[in-house]
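Spelled out, the chains give:
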Amino acid sequence: METILIVEDEADIAELVKYHLEKEGFAARTVGNGTQALELIVRDHPDLIILDLMLPGKDGLEICRRLRSSSATQSIPIIMLTARAEEVDRIVGLEMGADDYVPKPFSPRELVARVKAVLRRTNAPLAPDESPVSAGNLRLDPTRHEVTKEDHAVDLSAMEFRLLEFFLRHRGRVFTRTHLLDQVWGQDRFVEPRTVDVHIRRLREKVEDDPRKPTLILTIRGLGYKCRDENSQCV
Ligand code: CA
């Protein structure tokens, strides 16, 4: 059974979330103080943490930062809760290493769905897929390590190639910089999240018709990036 730790000082919200998680077969536990939360996490190593931003003791960002800076806890997925819906908090939360972000008020069902999605993503290793993949006039062939655009070879660095392949195999899904770092760069935490932006800019210069108006790898403001959905004609 997967264990979820709910770090939230508003007892009624914490209990409501706990109730819905238990209904779905999770083992859930609540804690209302940031300092105690950190102790519990280090001791019990939960499978996922639902972390409120505003807490007595240590706040959510501080907890997130501490968890991400220790090799014992850096891979525990975190879903951040906050009443403050400003974009800046969302970006800070994601760049601090949270895996997802749910603004209050939220529906407990929606939160449970996010928990499942994050766990699925975290538990699924990148399946090696050797089949070629394409988008419009762009084609990527992993076995030949080749990318072509309108049948002309595109020269990509190893990381740009990995990044492009990852996007093409997960079309329509939004990825934060943190996700991309985890999934494409691996667990190398010395890489700055801004590195992702740099690689995406270079990749766009090579694969987009007009890199200033990308139609394949799209910026999702305040969240991250996604590859245009296969079925959508407009962006
Ligand atoms: Ca709170």
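Residues numbered from 1 in each chain as written. Predicted model: local features only at pLDDT ≥ 70, side-chain atom pairs only at ≥ 80, totals over all residues. Heavy atoms only, no water.

Colleague: What exactly am I supposed to notice about the overall build of the chain here?
Modeller: On a plain count of helices and strands, the chain comes out with 8 helices and 12 strands. Sorting the 235 residues of the chain into buried and exposed places 46% on the buried side. In the chain, of all internal contacts separated by at least 6 residues, the share reaching a separation of at least 24 is 56%. Accessible surface for the chain amounts to roughly 12,400 Å². Of this, 50% is attributable to carbon and sulfur atoms. (Helix = DSSP H or I, 4+ residues; strand = E, 2+ residues; numbered from the N terminus. Buried < 20%, exposed > 50% of the residue type's maximum accessible area, 1.4 Å probe, protein only. Contact = heavy atoms within 4.5 Å. Areas by Shrake-Rupley, 256 points an atom, 1.4 Å probe, with all protein chains shown as cover.)

Colleague: Just checking my understanding: could you explain the environment of V17 for this structure?
Modeller: Note on placement: V17 falls in helix α1 (residues 11–23). The sequence separation of V17 and A28 amounts to 11 residues, and the corresponding C-alpha distance is 8.7 Å. In contact with V17, other than residues within four places in its own chain, are I6, I50, F106 and L111.

Colleague: I tried to follow the sheet that holds strand β8 (residues 146–149) on my own but got confused; where do I start?
Modeller: Sheet strands line up and pair through hydrogen bonds in the backbone, either parallel or antiparallel. On the basis of which strands lie adjacent, the open sheet formed by 4 strands has the order β6-β7-β8-β9 and antiparallel pairing. Both outer strands of the open sheet, β6 (133–135) and β9 (152–154), are each paired with one neighbouring strand and no more. Taken pair by pair, the neighbouring strands of this sheet meet at an average axis angle of 25°, ignoring direction. By the bridge criterion, 3 bridges tie β6 to strand β7 (residues 138–141) in an arrangement that is antiparallel. If you follow A135 over to β7, its bridge partner there is L138. Strands in contact with helix α6 (residues 158–169) are β6, β7 and β8; relative to β7, the strand with the most contacts, it is inclined by about 110°. (Pairing = 2+ DSSP bridges. Axes fitted to C-alpha atoms, helices over the stretch in contact; angles between N-to-C directions.)

Colleague: Looking at this model, I keep getting lost on the packing of α6 against helix α8 (residues 193–207). Mind explaining?
Modeller: The relative placement of two packed helices comes down to the angle between their axes together with the axis-to-axis distance. Taken N-terminus to C-terminus, the directions of α6 and α8 make an angle of 80°; their axes are 10 Å apart at the nearest point. When the axis of α6 is compared with that of α8, the two are roughly perpendicular. Counted together, M159, E160, L163, L164 and F167 of α6 and H199, I200, R202, L203, K206 and V207 of α8 form the full contact between these two elements. Here the contact of α6 with α8 is built from residues that sort into 7 nonpolar, 1 polar and 3 charged. (Parallel < 35°, antiparallel > 145°, perpendicular 65-115°, else oblique. Nonpolar A, V, L, I, M, F, W, Y, C, P; charged D, E, K, R; others polar.)

Colleague: Would you explain helix α7 (residues 177–185) in this entry?
Modeller: The buried fraction of α7 is high, at 9 of 9 residues. All of the buried residues in α7 are R177, T178, H179, L180, L181, D182, Q183, V184 and W185. Two residues or fewer past α7, G186 is found with a positive phi of approximately 85°.

Colleague: I keep staring at the pairing of strand β12 (residues 224–227) and nothing clicks. Help me out?
Modeller: Every other side chain in a regular strand lies on the same face of the sheet, so the side chains alternate between the two faces. Across 2 bridges, strand β10 (residues 174–175) lies against β12 in antiparallel orientation. Among the inter-strand pairings, F175 is bridged to a residue of β12, identified as Y225.

Colleague: Please explain the coordination of the calcium ion as it appears in this structure.
Modeller: Six octahedral donors around a metal ideally subtend angles of 90 or 180 degrees, whereas four tetrahedral donors ideally subtend 109.5 degrees. For the calcium ion, the full set of protein donor atoms is E8 (OE), D9 (OD), D52 (OD) and M54 (O), at a range of 2.0 to 3.2 Å. Sequence spacing of the donor residues for the calcium ion, all on one chain, is E-D-x42-D-x1-M. Look at D9 and you get partly exposed, because its relative accessible area is 37%. (Donors = N, O, S within 2.8 Å, 3.2 Å for Na, K, Ca; no water.)

Colleague: I would appreciate a short explanation of the nonpolar core in the present structure.
Modeller: Nonpolar side chains in soluble globular proteins tend to be buried together. One finds L164, F167 and L180 to be the most contacted residues of the largest nonpolar core, which totals 27 residues. Counting residues per element, the ones that place at least two in this core are β6, β7, α6, α7, α8 and β12. For this core, the leading source of residues is α6, giving 6 residues. Excluding residues within four positions of it along the chain, L180 makes contact with L163, F166, F167, F175, W185, V196, I200 and Y225. By size, the runner-up hydrophobic cluster in this structure holds 19 residues, among which are V7, I49, I63 and L67. (Core = buried A, V, L, I, M, F, W, Y, C linked by side-chain atoms within 4.5 Å.)

Colleague: Would you take a moment to explain the pattern of salt bridges for this structure?
Modeller: Oppositely charged side chains can pair when the atoms bearing their charge come close. Summed over all chains, the structure comprises 17 salt bridges. Across the salt bridge formed by D44 and R29, the nearest N and O atoms sit 3.4 Å from each other. Here the residue D44 occupies a position in helix α2 (residues 34–44), and R29 occupies one in strand β2 (residues 27–31), the gap between them amounting to 15 residues. Take D44: its relative accessible area is 37%, and that puts it in the partly exposed class. Judged by its relative accessible area of 40%, R29 is partly exposed. Here the salt bridges do not stand alone but share partners, grouping E8, E10, D52 and K104 into one network. (Salt bridge = Lys/Arg side-chain N within 4 Å of Asp/Glu carboxyl O.)

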